[in-house]
Amino acid sequence: MGISTVGVIGLGYIGLPTAAILASNGVGVIGVDVSPETIGAVNRGQVPFVEPDLAGYVSGAVSSGKLRAASVPEPADAYIVAVPTPFMGDHKPDLSYIRSAADALAPVLRGGELVILESTSPPGTTRRMADWILAQRPDLSTDGSGDRPVIYFAHCPERVLPGKVMVELVTNDRIVGGLTPEAAQRARDLYQVFCQGEILLTDAVTAETAKLVENSFRDVNIAFANELSLVADKLGIDVWELIRLANHHPRVNILQPGPGVGGHCIAVDPWFIVDAAPEEARLIRTAREVNDGKPRWVLHKVLDAVAGIEFPVVAAYGLAFKPNIDDLRESPAVDIVREVATTFPHTTVLAVEPHIDKLPGSLAGLANVRLVDAEEALAGADAHALLVDHAAFRSAVGQLVGKNVIDTRGMTAVTA
Ligand code: SAJ
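Residues numbered from 1 in each chain as written. Predicted model: local features only at pLDDT ≥ 70, side-chain atom pairs only at ≥ 80, totals over all residues. Heavy atoms only, no water.

A separate point is the domain arrangement of the protein. The parts lose accessible area when they come together, and the size of an interface is often stated as this lost area. On domain assignment, one finds that the protein holds domain 1 (5–197) and domain 2 (213–407). For domain 1 and domain 2, the distance between their C-alpha centres works out to 34 Å. Taken together, the 16 residues of domain 1 in the interface contact 12 residues of domain 2. Interface area for domain 1 against domain 2, summed over the two sides, is near 1,200 Å², with a carbon-plus-sulfur share of 61%. Inspection of the domain 1/domain 2 interface yields two salt bridges. The salt bridge partner of Lys-92 is Asp-275, with a shortest N-O separation of 2.6 Å. The residue inventory of the side of domain 1 that touches domain 2, partitioned by class, reads 10 nonpolar, four polar and two charged. (Domains from an automatic or database assignment. Contact = heavy atoms within 4.5 Å. Buried area = accessible area lost by both parts, 1.4 Å probe. Salt bridge = Lys/Arg side-chain N within 4 Å of Asp/Glu carboxyl O. Nonpolar A, V, L, I, M, F, W, Y, C, P; charged D, E, K, R; others polar.)

Here the focus is helix α1 (residues 15–24). Along α1, nine of the 10 residues are buried, which leaves the element largely enclosed by surrounding structure. Taken residue by residue, α1 has Gly-15, Leu-16, Pro-17, Thr-18, Ala-19, Ala-20, Ile-21, Leu-22 and Ala-23 as its buried positions. Immediately downstream of α1, the backbone of Gly-26 shows phi near 95°, a positive value. (Buried < 20%, exposed > 50% of the residue type's maximum accessible area, 1.4 Å probe, protein only. Helix = DSSP H or I, 4+ residues; strand = E, 2+ residues; numbered from the N terminus.)

Take the packing of helix α8 (residues 204–235) against helix α9 (residues 239–246) next. As a packed pair, α8 and α9 sit with axes 9 Å apart at the nearest point and diverge in direction by 120°. For the element pair α8 / α9, the angle class is oblique. For the crossing formed where α8 meets α9, the hand is right-handed. The residues of α9 that touch α8, namely those facing Leu-228, Ser-229 and Ala-232, are Val-239, Leu-242 and Ile-243. (Axes fitted to C-alpha atoms, helices over the stretch in contact; angles between N-to-C directions. Parallel < 35°, antiparallel > 145°, perpendicular 65-115°, else oblique. Left-handed = near helix turned anticlockwise from the far one by under 90°.)

Our next topic: empty space enclosed by the protein. Tallying each qualifying case throughout the model produces two cavities of 30 Å³ or more. Lining the largest cavity, in full, are Pro-157, Glu-158, Arg-159, Val-160, Glu-168, Leu-169, Asn-172, Asp-173 and Arg-174. Grouping the amino acids of the lining of the largest cavity by side-chain chemistry returns three nonpolar, one polar and five charged. Size it by volume and the second largest cavity reaches roughly 40 Å³. What lines the second largest cavity is Val-302, Val-314, Ala-316, Ile-336, Val-337, Val-340, Val-349, Ala-385 and Leu-387. (1 Å grid on protein atoms, 1.4 Å probe; cavity = no way out; pocket = protein on both sides within 12 Å on 5 of 7 lines; lining within 4 Å. Points joined across faces, edges and corners; volume = space filled by probe spheres on them.)

Next up on the list: helix α4 (residues 96–105). Looking only at α4, the buried set comprises Ile-98, Ala-101, Ala-102 and Leu-105. The buried side chains of α4 occupy one side of the element, clustering within an arc of 100° when seen end-on. Each element contacted by the buried residues of α4 is listed here: β1 (5–9), β4 (78–81), β5 (114–117) and α5 (125–136). (Arc of directions from axis to C-beta.)

Below, the discussion takes up the pattern of salt bridges. Counted under the stated rule, the structure contains 18 salt bridges. Glu-113 is paired through a salt bridge with Arg-110; the nearest N and O atoms lie 3.4 Å apart. Overall, the relative accessible area of 2% leaves Glu-113 in the buried class. When the shortest N-O distance is used, the salt bridge between Arg-127 and Asp-131 registers 4.0 Å. Taken as a pair, Arg-127 and Asp-131 lie in helix α5 at a separation of four residues, close to a single helical turn. Arg-127 sits in the partly exposed class, given a relative accessible area of 38%. Connected via shared salt-bridge partners are Asp-219, Arg-288 and Asp-292.

So, in structure tokens, the structure goes:
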């Protein structure tokens, strides 16, 4: 069974790199997106967001004729669904984008296609997606029962790190879970086109849960570090020295505290486990609460640092959700700046973020927040909050000696 054409539904941070890498390996790819801007950009060979090396892959794939974008799916041998799975206000998963993808796919299926869900999903979602499609197409089946043509459904969660997507797509091991063993094998054959890592086969629910567990593992470990930062503060000791010393134990490897956990994965995915097993997932829920509580703790540290000053000026170094990227989504640094500026309107916040040239929407309307360079912040602030450990801040950090500093990332810590 050869796969010569693939439809990729959703041309975002995962779908577009996957589409581009398949196309660069000779597979004909039709990328599908709801955004006319995204479709237009891709068809011009451009990338609508920043990810190292992606632009070269996309422009090469489009000019070779192997990649094009459209607004609705077209007949293909396989489909990869890579749409968002956010949560709603009550932390319950929002599967509406997967539902829309299923609705769009159902009419174009002919029988024999492979349909892969890549979106991070609550346990059971691949089965639900199959059920949504088969409800509209009772002439098809997942197993050939009743002599109906088979659609092969599998889940293959993405595990790539933003900023290293084009490398990790090729080198990471992948988990492939099929609704049937044959579906898993067919999905493995597709990923073998570009994946040099090991491809591990299982069932769909185990694959869905494995992805959630990976990000929950990291969240729980970051929560441990964040909790230690509160404990150390209460005891009057340096948390960075504490962790550095404890990590000399051969079986201890504590992560780093920060101002909170940002991004659209680690702060979201653990809730899907909590939702699926609310009585059992007590540690995972608590870790989320610890990490979500950290920005407020930092806020109070900032306010303590300028207590007694009538019109204080606070410098905030970094707005991104982690170092050396321009991604501001779900960033605790942005939340902290907004909270300082709105709760205490007599405060001026000088935000320093070398990776952007204008403030994000949630800060742009605030008259007391300005985007400035590090020199201006160093010279003009009463307190200095280090929120993101960008490499670009190294020389600024050296100039903070003797100033009023709130260091949420251990940038001023002695490392010897
Ligand atoms: N953070 C800390 N302390 C640490 C490590 C991270 O506070 O010691 C914070 C970061 O500053 C950031 C947040 O955690 O705010 C998340 O950053 P990250 O680098 O840990 O992870 P993401 O969200 O960029 O990518 C994760 C990865 N998952 C794991 O490492 C288990 C990636 O492999 C996944 O593909 C991605 O989520 C995803 O899409 O699910």
